[in-house]
Amino acid sequence: MKKILTLSFLLLCTLFIAQAQEITINGKVSDAQGPLPGVNVMVKGTTKGVITDFDGLYSITAASDATLVYSFIGYAKLEIPVNSKTTINATLEESAQQLTETVVVGSRGQSRTKLQTAAPVDVISVSKQAINMPQLDVGQLLVASAPSFTAVRSQGGDLSASVTPPSLRGLGPNQLLVLVNGKRRHSGAQLISSATGGSANSVDMDFISLDAIDRVEVLRDGASAQYGSDAIAGVINIVTRKGTDKFTANYTAGFYTNSNPDISDSNISESDQALLNDTDGIDGITHQLGINYGTSFENGGYLNVAGTYRQNEAAIRPNISGATPYGDSYLNNERTDAQGNPIITNPELLAAQTAGDAALAAELQTDAGLLAARGLTARDISTFAGLSPSVLGVVSYDLEIPLSETSESSFYSFGDFGYKSGQLFGCFYRRSAQTDRFNFDLYPNGFRPQMTNEQTNLAFTGGVKGKLGDWDFDFSNTFGTNTQRLGQFNTFNASLQSASPTEMDLGTHKFTQNTANFDLSRYYPDFLSGLNIAIGGEFRIENYIIERGQEESYAAGDAGFVTATEDNQPLIGPDGFPLEGLDGSPLVDANGAPLVLPFAGVSSYPVLQYSPNCQCFRGFAPENEANAFRSVTGLYLDLELDVTDKWFVSGALRTEQYTDFGGVFTGKFATRYSISDNLSVRGSISNGFRAPSLQELNYSHTFTFFVDLEPFDGTLYPNSSQVAKTIGIQQLQEERSTNIGLGITAKLFKKLDLSIDAFQIDIKDRLFSTGNFSASDAPVLEPLIGSGLASFRINGGDISTKGIEIVANYSDRVGEGMLNLNVSGLLSDRTFEGANVPDLNTELTDQELEDLYIDRAVIGAYEQGVPNTQFIASATYSLGKWSGMLRGNYFGEIARIDDGIGTLTDANFPNVGEQGYSDQTFSAQLTADLGLTYKASENLAFTLTGQNIFNNYPDLYRSEERGFYLYGNAQQGSLGAFYSVRATLSF
């Protein structure tokens, strides 16, 4: 008997141990027609899960007594107990109640699918789609997936090329709130140009590793009352991967074909066409490595780590400005220094004249002849646009650990660290013909300045979530900082001449944000059909810093000045004639006599007025330095009620207190009603706000801009400056908005999801930048700005945007494979409703002041700078070891509106020879993308992708505007076709 009890005890222990131990389960998921790829297989009650491969196969580790949950769009959910089995095959049945992804953004209540929300939400499954996508970053992937989302990549453009700013519904990048796992993401330190008019600070989505992302939720609805400032246009919530129990790595190599379209029938000259065809073949070669590893802990926690490394070589697209490279005075050795001594700029000409070769001498007195003699082509002295060379590295993690085996609470943390370095084009070539920017010793043939931007980015969130009695709680702190160190090479300060460095530190910008949140929510299932109450608070601290660059980058030297060495010294050169200025004219008085410097050692005169500052981009000077702080305190109340099984309503109230703005109050109401199981209507109304960022409040800079290739220096002054106060510019106020949405959602034929949503957004006091005021426009500014120009940021006017968004998804088995079709589109209209022009201290008429306060180019950029119409249609088909994606992209018309009257010269447009605006409408564009994947084995897949595979370029700029770009840039861009190959390893 004792032996029997002992054996029974040992058997029970063995069974207990076997029940508790982890085992590996393999299996195959099918439907009535065959294997199903892409099925979610989860361990019930945990975050552990995998996705079936092209053959419907899966492998997962779970406790021997666990339960596996199988789910897939269009099929009923299936649960199967493991019961110590190591092989489990599952067959899913089609369901009229089609399963779709549940979403988090826009709600603090019970999970809902994207067709059950009261406001439109796009769910882009990055972890599933990325393998067939040619896009290598999350911003461009979203552009290819959601037509309401835009992210125009600057092809040159100074610091604008450092960031690809995201925007929604054609509004500004800073009118879109970006969250990561529901927590506010910090923006970049710089103000950058926006395709929709004005400048904006923006979240840099490059610093969020594509391999770390599970899905992206795009809430296309105003949400200031739910999430606070910046959510006027909507919210993007990036959801990171959890413990995947899998290691994946992918390597991508790609390139641009650099094949120019046929423009033989254009008005571009043969020599300029030769310039465009003077290429080295393929360019923009890109290498990207991505990794992800996740593991689940036995106690229910997980850890996921990911990383991305990307290296882009330059993709150069030269301009064809046709500007004179040298000029007559250079070609004929007629330049002099400040003392009147000749500068031999064309020694080749002297040699030819000495040798008596008249024909060669004549050739060397032309721009083309001297370029050829020096082995240069038009490309060598052209301005570059295109894709700047850059390096990016990002590492990230996501962690959750239960506080104890019995507690329902857990500690969580996620974050990332990134570094990005870029060498930016964005500068006009400085020609030797530009005498105020000339130095023969340093740059005999002129120079092409290039900027550098080295960024470091850090984001960290830590928190505790769980239960407090019957309430769910979430306490967290999120810290984020972005630092940008700006520099320049191939440049110099002309006012220092040969004493100037050719590489300079321009200054450093830093933005830091710390946000603490405490959220409570409780669900009452017995109150009508379910009530969720959420309350919470937020405390945010922000800091913005501008540090000066090195002195030579902003200094005004005296290299072009002559100081008297004796009293009453005439300005006469060594040849006995009056000294000449930069334009070659003699420096004489009204009677034609040389100018005289009366006092030795004191009197001086700017004989050669060389341009001061670092060329192309002035360094940040002491007067530009800033160190600004502010804090924001917010409280919210959020209610969601299922009145019946068919009727859902929600409301939110929020108040926020800014230390630099005072208080704001916002609210939102949304509802959804199910007419039937397959048809619902929904709608929302809200008011919102966006407080000016610290960057908008404190940024200032002196810059060089060009009109007909002639340089002018202007300064953007902060509203707190003496210059702004003198002319009468007021302090910035918050933008205020009203958002109305109405839509329907439907499930048709059991396979088709359809949503149609209309929206109207009205924004008062949107922030813009003024035109450039001169001392002649406002004489009160003359003591402060002299011959310079001044501009300011303002609450310039009221705007509106309205439109209809359509999203349709269809999934079904075709043959032995699975077909997914998606069509989405945006039809919109953006309108500048009118300028809010105050009384300013100027000499301008009311109409002249309005035209300068908000110029027509800024209005045009908002109304027509990005497409108002856009459609995306894609098809994905999986069969066995193969998977393919084909996508078509339609970009509607855009327009460029000119800001200055000039002589019209392009014969392809009306009114040639007259004075007018060189406005232009760019025709609609159609491009195609392709992805094809072959799974060579269980662990290895190869993918071939193409973006814009037919190498479609947008319209040429009219000839008057070909100073920097040759093609329009705000549709598909002008880089042409991009092809890549990718290897993906997983185990």
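Residues numbered from 1 in each chain as written. Predicted model: local features only at pLDDT ≥ 70, side-chain atom pairs only at ≥ 80, totals over all residues. Heavy atoms only, no water.

### Here's the deal with the overall build of the chain
Where we set the bar: Helix and strand labels come from DSSP, where a helix needs a run of H or I of at least four residues and a strand needs a run of E of at least two; each type is numbered from the N terminus. In this scheme, a residue with accessible area under 20% of its type's maximum is buried, one over 50% is exposed, and one in between is partly exposed, where area comes from a 1.4 Å probe on protein chains only. Whether two residues are in contact is decided by their heavy atoms, any of which lying within 4.5 Å being enough. Computed by Shrake-Rupley with a 1.4 Å probe, the accessible areas treat only the displayed protein chains as cover when residues are assessed. Residues counted as positive are Lys and Arg, residues counted as negative are Asp and Glu, and His and the chain ends are not counted. Throughout, a charge is located at the NZ atom of Lys, the CZ atom of Arg, the CG atom of Asp or the CD atom of Glu.
What the chain contains, in helices and strands, is 14 helices and 55 strands. Scored against the burial criterion, the 987 residues of the chain give a buried share of 56%. The long-range fraction of contacts in the chain, counting pairs at least 24 apart against all pairs at least 6 apart in sequence, stands at 72%. Entry remark: accessible area of the chain is about 40200 Å², with carbon and sulfur atoms responsible for 56%. Charged side chains of the chain number 65 positive and 110 negative; the gap between the two group centres comes to 14 Å.

### With respect to a negative patch on the surface
As a reminder of what qualifies: Patch construction takes residues with relative accessible area above 30% that form no salt bridge. Like charges are linked within 9 Å, and nonpolar side chains (Val, Leu, Ile, Met, Phe, Trp, Tyr) are linked within 5 Å. What counts as a salt bridge is simple: a side-chain nitrogen of Lys or Arg found within 4 Å of a carboxyl oxygen of Asp or Glu.
On the surface, a cluster of negative charge is made up of Asp328, Glu334, Asp575, Glu580 and Asp583. When you line up the elements, Glu334 lands in the loop between helix 6 (328-331) and strand 24 (335-336).

### Some thoughts on the side chain of Thr508
Note on placement: Thr508 falls in strand 31 (residues 503-524). Apart from residues lying up to four places away in sequence, Thr508 is in contact with Thr483, Gln484, Arg485, Ile545, Ile546 and Glu547.

### Observations concerning the state of the cysteines
Note the following rule: When the sulfur atoms of two cysteines come within 2.5 Å, that pair is taken as a disulfide.
All told, the structure shown has 1 disulfide when counted by the stated rule. Between the sulfur atoms of Cys427 and its disulfide mate Cys616 the distance is 1.9 Å. Judged by the sign of its S-S torsion, about -80°, the cystine formed by Cys427 and Cys616 is left-handed. Of this pair, Cys427 sits in the loop between strand 28 (410-424) and strand 29 (450-468) while Cys616 is found in the loop between strand 36 (604-606) and strand 37 (626-642), placing the two residues 189 residues apart along the sequence. By relative accessible area, which is 2% here, Cys427 ends up buried. Residue class for Cys616 comes out buried when judged on its relative accessible area of 7%.

### Considering the sheet that holds strand 7 (residues 78-81)
The test is simple: Being paired, for any two strands, means DSSP has found at least two bridges between them. Note on geometry: axes are C-alpha line fits, over the in-contact stretch for helices, and angles between N-to-C directions span 0 to 180 degrees.
In spatial order, the strands read 4-3-6-7; together these 4 strands make up an open sheet with antiparallel pairing. Each edge of the open sheet carries a strand with a single partner, namely strand 4 (49-51) and strand 7. Taken pair by pair, the neighbouring strands of this sheet meet at an average axis angle of 20°, ignoring direction. Here 4 bridges tie strand 6 (residues 67-71) to strand 7, and the two strands are oriented antiparallel to one another. Within strand 7, the residue paired with Leu68 across the bridge is Ile80.

### Points about the nonpolar core
Put simply, the rule is: For our purposes a nonpolar core is just a set of buried Ala, Val, Leu, Ile, Met, Phe, Trp, Tyr and Cys residues, chained together by side-chain atoms within 4.5 Å.
With 58 residues, the main nonpolar core has Phe149, Val216, Ile238 and Phe792 as its most contacted residues. Judged by nonpolar contacts, the second largest core, of 24 residues, contains Cys427, Leu694, Tyr699 and Leu732.

### Remarks on the pattern of salt bridges
Close approach of charged atoms lets side chains of opposite charge pair. Applying the stated criterion across every chain yields a total of 39 salt bridges. Note that Arg736 and Asp765 form a salt bridge whose closest N and O atoms lie 2.5 Å from each other. Here the residue Arg736 occupies a position in strand 43 (residues 735-748), and Asp765 occupies one in strand 44 (residues 752-769), the gap between them amounting to 29 residues. A relative accessible area of 16% places Asp765 in the buried class. A salt bridge links Asp929 to Arg887; its shortest N-O distance comes to 2.7 Å. Here Asp929, found in strand 53 (residues 925-935), pairs with Arg887, found in strand 48 (residues 882-891); they are 42 residues apart in sequence, far enough to count as distant. Each member of the pair, Asp929 as well as Arg887, is classed as buried.

### Points about helix 14 (residues 856-864)
We count it as follows: Under this definition, polar contacts are N or O atom pairs within 3.5 Å; protein pairs additionally need one hydrogen-donor-capable and one acceptor-capable atom, and for neighbouring residues in sequence, both atoms have to be side-chain atoms.
All of the buried residues along helix 14 are Val858, Ile859, Gly860, Ala861 and Tyr862. Packing partners of the buried residues in helix 14 comprise strand 44, strand 45 (789-814) and strand 46 (817-835). The residue sitting at the N-terminus of helix 14 and contributing the capping side-chain oxygen is Asp855; that oxygen lies 2.9 Å from the backbone nitrogen of Ala857.

### What to know about unusual backbone geometry
You will see that Asn83, though not glycine, has its phi angle at about 50°, which is positive. Inspection of the secondary structure puts Asn83 in the loop between strand 7 and strand 8 (90-91). Taking the relative accessible area as the measure of exposure, Asn83 reaches 56% and is therefore exposed. Positive phi, close to 50°, is recorded for Asn181, a residue that is not glycine. Topologically, Asn181 is positioned in the loop between strand 14 (176-180) and strand 15 (183-184).

### Quick notes on the side chain of Asp474
Turning to its location among the elements, Asp474 is positioned in strand 30 (residues 471-489). One polar contact links Asp474 to Tyr412, side chain to side chain, over a distance of 2.4 Å.

### Quick look at the sheet that holds strand 11 (residues 121-124)
Strand pairing in a sheet is mediated by backbone hydrogen bonds. Such pairs are either parallel or antiparallel. Read across the open sheet, the 5 strands follow the order 11-18-19-14-15; overall the sheet is mixed. Only two strands of the sheet have a single partner each, and these edge strands are strand 11 and strand 15. Judged from the 4 bridges that link them, strand 11 and strand 18 (residues 213-219) form a sheet pairing that is antiparallel. Bridge pairing links Ile124 to Val216 in strand 18.

### A look at the packing of aromatic side chains
We apply this condition: Any two of the Phe, Tyr and Trp rings considered here, Trp counted by its six-membered ring, make a pair once their centres fall within 6.5 Å; the pair's planes then place it as stacked at under 30 degrees, edge-to-face at over 60, or tilted in between. Only lysine NZ and arginine CZ atoms are considered, and such an atom sits over a ring when it is within 6 Å of the ring centre and within 35 degrees of the ring normal.
Considering all chains together, one arrives at 21 aromatic pairs under this definition. Ring geometry for Tyr330 and Phe440: centres 6.2 Å apart, planes at 50°, overall tilted. Within this pair, whereas Tyr330 is found in helix 6, its partner Phe440 is found in the loop between strand 28 and strand 29, the two being separated by 110 residues in sequence. Counting every residue linked through ring pairs, the aromatic cluster contains Tyr326, Tyr330, Phe438 and Phe440. Here the guanidinium or amino end of Arg335 rests over the ring plane of Phe438, the centre of that ring lying 4.6 Å away. The ring of Phe207 carries Lys420 above its face, with NZ or CZ at 5.3 Å from the centroid.

### Some thoughts on the pairing of strand 30
In this sheet, strand 30 lies alongside strand 29 in antiparallel orientation, the contact comprising 19 bridges. Looking at strand 30, one finds that Asn457 is bridged to Asn482. Hairpin connection, strand 29 to strand 30: the antiparallel pair is bridged by 2 residues, and Gly469 has positive phi, about 70°. Across 18 bridges, the pairing between strand 30 and strand 31 is antiparallel. When the bridges of strand 31 are listed, Asn477 appears paired with Ala516.

### Points about the environment of Ile761
Its place among the elements puts Ile761 in strand 44. Considering only alpha carbons, one finds Ile761 and Gly222, 539 residues apart in sequence, at a separation of 8.4 Å. Discounting chain neighbours no more than four positions away, the residues touching Ile761 are Arg169, Leu171, Ile232, Thr738, Asn739, Ile799, Ser800 and Thr801.

### A closer look at a nonpolar patch on the surface
On the surface, a cluster of nonpolar side chains totalling about 690 Å² of accessible area is made up of Trp647, Tyr673, Ile675, Leu679, Val681, Ile744, Ile756, Ile804 and Leu827. Among the secondary structure elements, those contributing two or more residues to the nonpolar patch are strand 39 (662-676) and strand 40 (679-690). Structurally, the position occupied by Leu679 is in strand 40. The exposure class of Leu679 is partly exposed, given its relative accessible area of 32%.

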